[in-house]
Amino acid sequence: HHLLPFAYFHLLHHSASTITIAFYFLPNNIVQPPTMRAYLPCLLITVSLHHQVSVSSTTWQPIPLAFAAGGFGGGGRGESAKGSKKKKKSKTKTAGGGGGPKKNILTPEGRIEYIKKRVAAADVSSVAKLALTNTADGQIALDIDPNAIAVVDNFLGNSLITAMRAEAESLLPKMVPSQSTRWDEETQTVVPYEKKGVLSIQLEGGAAGYEASPRLVEYVVALTSQLSYKLNQLLPDAYHLAGDEQTNKLAVCLGDGSYYDKHIDNLGGTDDAGDRRKLTALLYIQPPDSHDGQPSFPNESLEDDPRGGYFRAYDIPEMGDVTCIAPRGDRLIMFWSDSLVHDVSASFAPNGDADRRWALTIWFIADKKGVIRATDAAIEERHFGTGIGTG
């Protein structure tokens, strides 16, 4: 995407012997995108390990709406809201692949290796979905869809997610009322507030933190390193994530109507002093069979379950739409921290503690090349009027 002003490249295929890359050229006379499935000129280049290069030109190839998932190897901040001037996530179901663990998860090394393999197997391509977007200077650009979401079910398997839930519940005595911020019309300032019926804690490293919740800490470390590496193979530089830095929050809705207000996670500035959270990865630590027999994503709705606690994403799939995502056990949701408008519906626990909604959120930090999006003024006005909250 740096080679030409109106070019974008896409890795189509790679194997032990060849690599195929497509260069899509955006004509500078396109004023408005004809459709989300617009056609663009394309140049295909295949390079072999024997140093043979094959180039073929094909005209008006379909834009790939999502990168192919591929490549594997191998952090934010608290919460903010509308302040003075702020600088500031589409939907495709993806599967984690497989059910229970097939490797030894009884040792730290075995668990970390297992999480690495689960990241490698997960289809996260929909978070890298492409869209033609309008730039600040009125041009048309091919960019990552700001409302892109990836949903991965059965991510870690029953054994590990059950053990993580037990560790999470053991931390309940140390948890405190979860705070956020919002814009106060009367004082015209940002004010903190406690979320109704929500407790939270940040997981820390070090000997004490690891002793208290080893599996939770291992998950945070392994996911930060491995998912950032995998996504960085798919994404343009502006979306690159740091693999050694994150912030996190373990939260529980106690079940008395607890909810999260509509918000965007990150409205922070773009410089080093601002909020650098770029990608949100939310794991539901419910019993693995928590929503058995209910509709699957993307066909879920608030009416499916009286326990509530649904993640609601706004303007997906189209402007004005709302997509509901159930807090299904062992489900991982990923979206762009600096753009997706979302909230959480009221949560209830009719059967006691087992019904409480537990979620572990990791915020991945933009690396040195990463850019935090400024909130679109029209989106802010339509969803929040004169005030906006964050998570």
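Per-chain numbering applies: the sequence of each chain, read as written, is numbered from 1 onward. Per-residue local features are limited, in this predicted model, to residues with pLDDT of at least 70; the limit for side-chain atom pairs, both in listing and counting, is 80 or more; totals at the level of whole chains, interfaces and linings are taken over all residues. Heavy atoms from the whole structure form the basis of all side-chain values; hydrogens and water molecules are not counted.

## Describing the packing of aromatic side chains
Here is the rule: rings of Phe, Tyr and Trp (six-membered ring for Trp) pair when centre to centre is within 6.5 Å. Planes less than 30 degrees apart are stacked, more than 60 are edge-to-face, and the remainder are tilted. Enumeration according to the criterion identifies two aromatic pairs in this entry. Summarising the aromatic geometry, the rings of tyrosine 239 and tryptophan 336 are spaced 5.1 Å apart at their centres and angled 65 degrees between planes, so their arrangement reads as edge-to-face. One end of the pair, tyrosine 239, is in the loop between helix H4 (214-232) and strand E11 (241-253); the other, tryptophan 336, is in strand E16 (residues 332-336), with 97 residues separating them in the sequence. The pair formed by tyrosine 239 and tryptophan 336 is uniform in burial state, with each residue classed as buried. Note on conventions: DSSP H or I runs of at least 4 residues are helices, E runs of at least 2 residues are strands, and numbering of each starts at the N terminus. Relative accessibility decides the category of a residue: with a 1.4 Å probe and only protein chains considered, values under 20% of the type maximum give buried, values over 50% give exposed, and everything between is partly exposed.

## Focus: the sheet that holds strand E15 (residues 322-325)
Pairing between strands is defined by DSSP: at least two bridges between the two strands are required. In spatial order, the strands read E12-E17-E14-E15; together these four strands make up an open sheet with antiparallel pairing. Two strands lie at the open edges of the sheet, namely strand E12 (256-263) and E15, each paired on one side alone. Averaged over all adjacent pairs, the angle separating strand axes in this sheet is 15 degrees, with direction ignored. As paired elements, strand E14 (residues 311-314) and strand E17 (residues 342-348) share three bridges and run antiparallel to each other. Looking at E17, one finds that arginine 312 is bridged to aspartate 343. In this analysis, axes come from line fits to C-alpha atoms, helices being fitted only over the stretch in contact, and the angle between any two N-to-C directions falls in the range 0 to 180 degrees.

## Remarks on the side chain of lysine 278
In this structure, lysine 278 sits in strand E13 (residues 277-284). Counted as a polar contact is a pair of N or O atoms within 3.5 Å, where, for protein atoms, one must be capable of donating a hydrogen and the other of accepting one, and residues adjacent in sequence contribute only when both atoms are in side chains. At 2.7 Å, the side chain of lysine 278 and the side chain of aspartate 338 are in polar contact.

## Comments concerning the pairing of E16
If a strand is regular, its side chains alternate between the two faces of the sheet. Taken across its five residues, E16 has five buried, putting it largely inside the fold. Of the two faces of E16, the one lined by Leu332, Met334 and Trp336 and the one lined by Ile333 and Phe335 are each fully buried. Where strand E8 (residues 149-153) lies against E16, four bridges are found, and the strand directions are antiparallel. Counterpart to valine 152 in the pairing with E16 is leucine 332. Sheet analysis places E13 next to E16, joined by five bridges and oriented antiparallel. Opposite alanine 281, over in E16, you have methionine 334 as the bridge partner.

## Observations regarding the packing of helix H1 (residues 108-121) against H4
Running from N to C, H1 and H4 cross one another at 35 degrees; their axes reach a closest spacing of 9 Å. H1 and H4 meet at a crossing whose hand is right-handed. Side by side, H1 and H4 meet where Pro108, Arg111, Ile112, Ile115, Lys116, Val119, Ala120 and Ala121 of the first sit next to Arg215, Glu218, Tyr219, Ala222, Leu223, Gln226, Leu227 and Lys230 of the second. Basically, the charged four are Asp, Glu, Lys and Arg, the nonpolar ten are Ala, Val, Leu, Ile, Met, Phe, Trp, Tyr, Cys and Pro, and anything else, Gly included, counts as polar. Taken together, the residues of the contact of H1 with H4 sort by class into 10 nonpolar, one polar and five charged. Crossing chirality is assigned from the near helix's rotation relative to the far helix, an anticlockwise turn below a right angle marking it left-handed and a clockwise turn marking it right-handed. By definition in these notes, contact holds between two residues if any of their heavy atoms fall within 4.5 Å.

## Brief notes about the nonpolar core
Here, nonpolar core means buried Ala, Val, Leu, Ile, Met, Phe, Trp, Tyr and Cys residues that are tied together by side-chain atoms lying within 4.5 Å of each other. Formed by 51 residues in total, the largest nonpolar core has its most connected members in Phe155, Tyr219 and Leu250. With seven residues, H4 is the largest single contributor of residues to this core. Those residues in contact with tyrosine 219 that lie beyond four places of it in its chain are Ile115, Phe155, Leu156, Met164, Leu283, Leu332, Leu360 and Ile362.

## Thoughts on the pairing of strand E18 (residues 357-366)
With respect to burial, E18 is a largely interior element, 10 of its 10 residues being buried. In this structure, E11 lies alongside E18, joined through nine bridges in antiparallel fashion. Pairing of leucine 250 across the sheet is with leucine 360, part of E18. In this sheet, E18 lies alongside E13 in antiparallel orientation, the contact comprising seven bridges. Its bridge partner lying in E18, alanine 281 is registered against isoleucine 362.

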